[in-house]
Amino acid sequence: MSRNVITIDADASVIDAIKTMLSHGVSGLPVTDRDGVLVGILSEGDFIRRVEVGTERRRGRWLAMLAGANQVALDFARQHGRKVSQIMSPSPITVEEDTPLEQVVQLKKSHGVTRFPVMRDKRLVGMVTRTDFITAIANLRLDRPSPSANDDQIRASVIAALARAPWRPNALHVSVHDGVVGLRGGIRSDNARKAAVIAAENVAGVKRVEDQLSKVPPPEEDYGGGDFVSLQEEPSTEDDQPL
């Protein structure tokens, strides 16, 4: 997470908020009250529909009736508001310092948000944004040297990595020489090819993967008979005789 958090006061003007975001190069701001308590979140999305640039939402009579007076009033306030408190998203979703990264990802997907205030005992201590995911991956040092492993160990690990994948190659053959992996077999799609190569590349000790996979046609639709075959001619019966 980012610990150096730039905040904005709920009573600040919208112009001050925009200047703060531009000067610090951030796309969102936690909003606090006079006591420093988190009360909302302000993001670039809150400025998409604004009267100043002519992008405010316009509804006809029937659409306004369908949306309801409460929603129409809310839209008007957020599109014309002069203070941060009038356009921010209140009651933001927060996470704790020890919240697992997977849980943060699930919250992002289910709520469609891109940033989460990080709390400690109800006090704002950081922010998690999409940029922090990139930083976390960089800190893993994906280009670090792989631990040493002999070819037999590498081959066993590659086979294990592909064994249960639904897209695994058919008739898979794995060869390893000095850390260079050769993959042979049949694959159904280009995505399956990519996944198989990546799975092998991620095995410890692999230096390079030589893709020798062959694309095979997808299975035909099962209509109960597989390939069309000639039916054997059966001897005629009395019922078959012409009238």
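Above this text is the structure in question.
Keep in mind it's a predicted model, so treat the numbers as computed, not measured.

Novice: Describe the pattern of salt bridges, with residues and values.
Specialist: One pass over the structure, following the stated rule, counts six salt bridges. Among the ionic pairs, Arg34 bridges to Asp11, the shortest N-O distance being 3.4 Å. Taken together, the residues span a long stretch of sequence, with Arg34 in the loop between β2 (28-32) and β3 (38-43) and Asp11 in the loop between β1 (8-9) and α1 (14-24) at a distance of 23 residues. In this structure Arg34 comes out as exposed when scored by relative accessible area, which is 75%. Exposure remark for Asp11: the relative accessible area of 41% places this residue in the partly exposed category. Between Arg208 and Glu210 there is a salt bridge whose closest N-O contact spans 3.0 Å. Residue Glu210 is classed as partly exposed on the basis of its relative accessible area, which comes to 33%. In this structure, a network of salt bridges that share partners links the residues Arg3, Glu97 and Arg120.

Novice: Before we move on, can you summarise the sheet that holds strand β6 (residues 115-120) with the specific residues and values?
Specialist: Ordered in space as β5-β6-β7, the three strands form an open sheet in which the pairing is mixed. Two strands in the sheet have a free side with no partner beyond their single neighbour: β5 (95-96) and β7 (123-129). For β6 and β7, the ladder comprises six bridges, and the chain directions are antiparallel. Paired with Arg115 across the bridge in β7 is Thr129. Against the sheet, helix α5 (residues 101-111) contacts β5, β6 and β7, and its axis sits at roughly 135 degrees relative to β6.

Each value, and the rule that gives it
Once a new chain begins, its residue numbering starts again from 1 and follows that chain's sequence as written. Side-chain atom pairs in this predicted model are given and counted only at pLDDT of 80 or more, local residue features only at pLDDT of at least 70, and totals for whole chains, interfaces and linings cover all residues. Processing note: side-chain calculations cover all non-hydrogen atoms of the structure and skip hydrogens and water entirely. Should a side-chain nitrogen of Lys or Arg be within 4 Å of a carboxyl oxygen of Asp or Glu, the pair is scored as a salt bridge. A run of H or I in DSSP becomes a helix once it reaches four residues, and a run of E becomes a strand once it reaches two; helices and strands are each numbered from the N terminus. Per-residue accessibility, obtained with a 1.4 Å probe over protein chains only, is compared with the maximum for each type, and a residue is labelled buried under 20%, exposed over 50%, and partly exposed between these values. Two strands form a pair only when DSSP identifies at least two bridges running between them. Throughout, a residue-residue contact means that at least one pair of heavy atoms, one from each residue, lies within 4.5 Å. Only the stretch in contact is used when a helix axis is fitted, and all axes are lines through C-alpha atoms; the angle between N-to-C directions ranges over 0 to 180 degrees.

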